[in-house]
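Breakdown of the fold
Here is what each chain is made of, one letter per residue.
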Number of protein chains: 2
Amino acid sequence: MTLPFFYTYTFFIMAKQKDSPANNNERKNFLPHIAFDSVIFGFSGEKLKILVMEYHNTRLFALPGGFVGVTENLNDAVRRGLKERTGLSNIYLQQCYVFGDVKRHRPAVMHTILQANGHQPGDDHWMLDRFISVVYYALINYTKVTPRPDALSDSCEWYDVDALPKLMLDHGTIVKKALDTLRKNLDEQIVGMNLLPKQFTMKELQQVYEAIRGEKLQRTNFQRKMLASGLLIRHKKIFSGKAHKAPYLYQFVQ
Amino acid sequence: MTLPFFYTYTFFIMAKQKDSPANNNERKNFLPHIAFDSVIFGFSGEKLKILVMEYHNTRLFALPGGFVGVTENLNDAVRRGLKERTGLSNIYLQQCYVFGDVKRHRPAVMHTILQANGHQPGDDHWMLDRFISVVYYALINYTKVTPRPDALSDSCEWYDVDALPKLMLDHGTIVKKALDTLRKNLDEQIVGMNLLPKQFTMKELQQVYEAIRGEKLQRTNFQRKMLASGLLIRHKKIFSGKAHKAPYLYQFVQ
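About the criteria used
Residues numbered from 1 in each chain as written. Chains lettered and ligands numbered in written order. Predicted model: local features only at pLDDT ≥ 70, side-chain atom pairs only at ≥ 80, totals over all residues. Heavy atoms only, no water. Axes fitted to C-alpha atoms, helices over the stretch in contact; angles between N-to-C directions. Helix = DSSP H or I, 4+ residues; strand = E, 2+ residues; numbered from the N terminus. Left-handed = near helix turned anticlockwise from the far one by under 90°. Contact = heavy atoms within 4.5 Å. Nonpolar A, V, L, I, M, F, W, Y, C, P; charged D, E, K, R; others polar. Core = buried A, V, L, I, M, F, W, Y, C linked by side-chain atoms within 4.5 Å. Buried < 20%, exposed > 50% of the residue type's maximum accessible area, 1.4 Å probe, protein only. Phe/Tyr/Trp six-rings, centres within 6.5 Å; stacked < 30°, edge-to-face > 60°. Lys NZ or Arg CZ within 6 Å of the ring centre and 35° of its normal.

Description of the packing of helix 7 (residues 219-229) of chain A against helix 7 (residues 219-229) of chain B
Across the interface, helix 7 of chain A lies against helix 7 of chain B with an axial gap of 10 Å and an inter-helix angle of 145°. As helix 7 of chain A packs across helix 7 of chain B, the resulting crossing turns out to be left-handed. Residues Arg224, Lys225, Ala228 and Ser229 of chain A of helix 7 of chain A form the contact with helix 7 of chain B, whose participating residues are Arg224, Lys225, Ala228 and Ser229 of chain B. Of the residues assigned to the contact of helix 7 of chain A with helix 7 of chain B, the class counts are 2 nonpolar, 2 polar and 4 charged.

Remarks on the nonpolar core
Ile40, Leu74 and Leu93 of chain A together with Ile40, Leu74 and Leu93 of chain B are the most contacted members of the largest nonpolar core, which has 46 residues in total. In this structure, Ile40 of chain A is in contact with Lys49, Ile50, Leu51, Leu82, Leu88, Leu93, Ala138, Ile140 and Trp158 of chain A, ignoring residues within four places of it in sequence. Of all hydrophobic cores here, the second largest spans 38 residues; its members include Val39, Val175, Leu186 and Leu231 of chain A.

Quick look at the packing of aromatic side chains
Residues and elements named next belong to chain A. As enumerated under the stated definition, the model contains 22 aromatic pairs over all chains in all. Judged by centre distance (5.1 Å) and plane angle (75°), the ring pair of Tyr97 and Phe99 falls under edge-to-face. Take Phe99: its relative accessible area is 10%, and that puts it in the buried class. Aromatic rings pair up to connect Phe30, Phe67, Trp126 and Phe131 into one cluster. Over the aromatic face of Tyr97 sits the side chain of Lys177, whose NZ or CZ is 4.3 Å from the ring centroid.

Here's what the structure looks like:
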């Protein structure tokens, strides 16, 4: 059966309102005290960027986050939340760290956001409770996706990691932790991320590492570590008849 | 003022009962739906072991875990929980992974444990709720500590990783994840862990890696990777006048 447009649209709006985490009646739909935040790193051959949202009429900048449904797997909730808030899907997210200090609880900030979006939260509103946040991160090629802000937010933009706006709550600390984790795990991250062509030179690989690690690397050390890492296959040189100056080409072991 | 022994002891017992997570009245003292579990790896030069608790009269084996107080930092709660359940303190715990699937919720198991310890939990007992578990791990020299079981448990014992008893709930999966993480992060774990003398040979280092990774490693590959890792300082050989067969000695960069 196909419902007339009016009914499906009205139902859609009602369902949206019913499920909105900003409604205090929906306390029972989400696990209390547990939130998640996503640090989405974007790279396209030059600079490392991060996806940041700005809440309506607040000048508050934040990482995209959300809450876990009472019958929802945590990892599914994070994928759903990222999709709802930024429009991005099919992103391979990895857990990074859980932020669980008491001092991160600052209900006034969430109060401001709810008010700026037309809510009048009482002191017992569940979003004003203390939250532990499970942080996820991903590394994507940002030229291949177009983020879209959700209803709570003015914008959803890529910012250079070294030129971020001031982020609300402890989101600045969260970004730093995610960046440290990305840099530490770069060897395994880099293989599946489509940041390089299928075959690449050692110099191109070094440029990616330098951009993401934010520092110049010493060429012979870098080459020695990479060759010892077991990540790379080296292709035979193709002799074109010209001078033998062509560099070796590599690809990742799958 | 010093209270007579009787009063202080009675107060201590009452306080213990009042604070016991097994009491449903204490729902309000802990964050709902959030638990933690600790995978404590022990090593003393030969085999890798894990600390496992057995609950009274249940034949249920489990990792030491616990809950987070409403005004307690998550990391502090994990240290406190490990101390209370095993007697171990001053252990450097690291976050490993958050287990948040719905299917890990099996209230009948927790019901059995509570009953075996003299409680009669109603269906609304907070410990029968769904829990997301934040998993921590540590690597210690197990000859230097003596674990002690808490009141809920019969025993608190070291088991070889390849001869564990069947663990309750998803604790077997949790151990596997922690072991993968330990093996992946072994380079950084190994430096601070007092598993080797201050100066050691490449062969001794290789033996530690082999025991923890559970596989034989190829000597020249291992040596090349270690020398490229930047973790080691090589000492000058001391020529004793005997044949120059003494191996190089290394120590970790601090």
